[in-house]
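Structural overview for review
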Amino acid sequence: MSGVPYAEVIGDPIAQSKSPLIHKFWLDALGMAGDYRRAQIKPEDLAAHLTERRTDPDWRGCNVTIPHKVAVMDLVDDPGNVRGTIGAMNTIVRQPDGSVIGTNTDAAGFYAPLAETDLTGAPVVVIGAGGAARAVLFALARAGVGHVTILNRSPLKAMGLLATFGLKGEVLGLDAQLPPAALLVNSSSLGMTGQPPLDLDLSPLPGDAIVYDLVYAPLQTGLLKAAEARGLGSVDGLDMLIGQAALAFELFFGAAPPEGRDEELRARLVA
Ligand code: NAP
């Protein structure tokens, strides 16, 4: 007999995750029976946890966060093309027959706010070369961007990413002067609460450039303040956070999140 469907987010630590708030907000707004939990799972318990969960017909799947995004690729029945592309998995979905498939909704979540912007052949700048940068570069490669400049503390890592995603461009240090670019994305941890600031001179960017900061704590980062002071377009980290969750919600619960409720959700996320 099946009960109330539920999904969860697994990681270690897990208390910081905003996913339960987002998914429960949508379940409530849609009046759907369902739950979304958080589970602190240590790396040594990961395989056993997923083995146990896949036998539970009420479990619709899970989001995956640090430090399991790579390890789970070996624990699903079908990892799709995730391993050969982004190289990290953030969503696992249980099929009715108990098999589990994995995907990554970060790239599509990142790209959603840019969907109306034509980036074909456009020069872009990306700060960072970690897990989030992989999703960003994957999405930008698919959007057909032009020259990509990556600024990162560890240049070798960034060079590897240009090659992985077949992008033409160059790697510079964090103190380099920015080239002119249509889009600047911060996918590093710099500017996040408790991390060093990201100090960039935005003056080389043209007046119609967009500045996109994945950091959402604080929401109004120093980078976004500088972009607004220059009158540039800006996108904050909550857009991607909500965007990647929306895709996962639909996979778990079979319904799209409610329309027109994003401002209310954003207010709850920053409260
Ligand atoms: P990660 O894999 O640990 O990568 C961190 C990146 O930041 C690397 O490029 C690292 O440089 C750089 N970095 C960290 N500390 C630094 C320092 N002290 N000085 C210079 N560079 C430093 O982390 P991630 O998962 O990519 O996450 C990065 C940021 O994106 C976080 O703030 C996270 O919250 C945010 N994020 C947001 C969303 C969203 O939905 N909005 C989704 C994913 C991530 P090295 O390569 O040299 O180590």
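Our subject is the structure listed above.
What counts and how
Position labels on residues start from 1 in each chain and follow its written sequence. Predicted model: local features are reported for residues with pLDDT of at least 70 only, side-chain atom pairs are reported and counted for 80 or more only, and whole-chain, interface and lining totals are derived from all residues. To get the side-chain values, all heavy atoms of the structure are used, and hydrogens and water are removed first. Lines fitted to C-alpha atoms define the axes here, with helix axes fitted over just the stretch in contact, and angles between the N-to-C directions of these axes take values from 0 to 180 degrees. Strands are runs of DSSP state E lasting at least 2 residues, helices are runs of H or I lasting at least 4, and numbering of each runs from the N terminus. For classification purposes, an angle smaller than 35 degrees is called roughly parallel, one larger than 145 roughly antiparallel, one from 65 to 115 roughly perpendicular, and anything else oblique. Put simply, a crossing is left-handed when the front helix is turned counterclockwise from the back one by less than a right angle, and right-handed when it is turned clockwise. The contact rule is simple, with two residues in contact once any of their heavy atoms fall within 4.5 Å. By the convention adopted, Pro, Cys, Tyr, Trp, Phe, Met, Ile, Leu, Val and Ala count as nonpolar, Lys, Arg, Asp and Glu as charged, and the other residues, Gly among them, as polar. The definition of a nonpolar core used throughout is a set of buried Ala, Val, Leu, Ile, Met, Phe, Trp, Tyr and Cys residues joined through side-chain atoms within 4.5 Å. Burial status follows relative accessibility: with a 1.4 Å probe on protein chains alone, a residue under 20% of its type maximum counts as buried, one over 50% as exposed, and anything between as partly exposed. In protein, a polar contact requires one atom able to donate a hydrogen and another able to accept it; more generally it is a pair of N or O atoms within 3.5 Å, and residues adjacent in sequence count only if both atoms are side-chain atoms.

**Quick notes on the packing of helix α1 (residues 19–30) against helix α7 (residues 237–253)**
Here α1 crosses α7 at 60°, and the two axes come no closer than 10 Å. Here α1 lies oblique to α7, going by the angle between them. Crossing hand, α1 versus α7: right-handed. Residues Ile-22, His-23, Trp-26, Leu-27 and Leu-30 of α1 pack against Leu-241, Ile-242, Ala-245, Ala-246, Ala-248, Phe-249, Phe-252 and Phe-253 of α7. Among the residues forming the contact of α1 with α7, the class breakdown is 12 nonpolar, one polar and no charged.

**Some words on the nonpolar core**
Phe-110, Leu-137, Leu-140, Val-148, Leu-183 and Tyr-212 are the most contacted members of the largest nonpolar core, which has 32 residues in total. Every element with two or more residues in this core is listed here: α3 (106–111), β6 (124–127), α4 (131–142), β7 (148–151), α5 (155–164), β9 (183–186) and β10 (210–213). In this structure, Leu-137 is in contact with Val-126, Val-148, Ile-150, Leu-161, Phe-165 and Leu-167, ignoring residues within four places of it in sequence. Of all hydrophobic cores here, the second largest spans 20 residues; its members include Ile-14, Leu-27, Leu-238 and Phe-252.

**Some words on the environment of Asp-236**
Structurally, Asp-236 can be placed in the loop between β11 (233–235) and α7. Residue Asp-236 is classed as buried on the basis of its relative accessible area of 13%. Setting aside anything within four residues of it in sequence, one finds Asp-236 in contact with Tyr-212, Asp-213, Leu-219, Leu-224 and Arg-266. Here Leu-238 takes part through its backbone nitrogen, which lies 2.9 Å from a polar atom of the side chain of Asp-236. Within the structure, Asp-236 has its side chain in polar contact with the side chain of Arg-266 (distance 2.5 Å).

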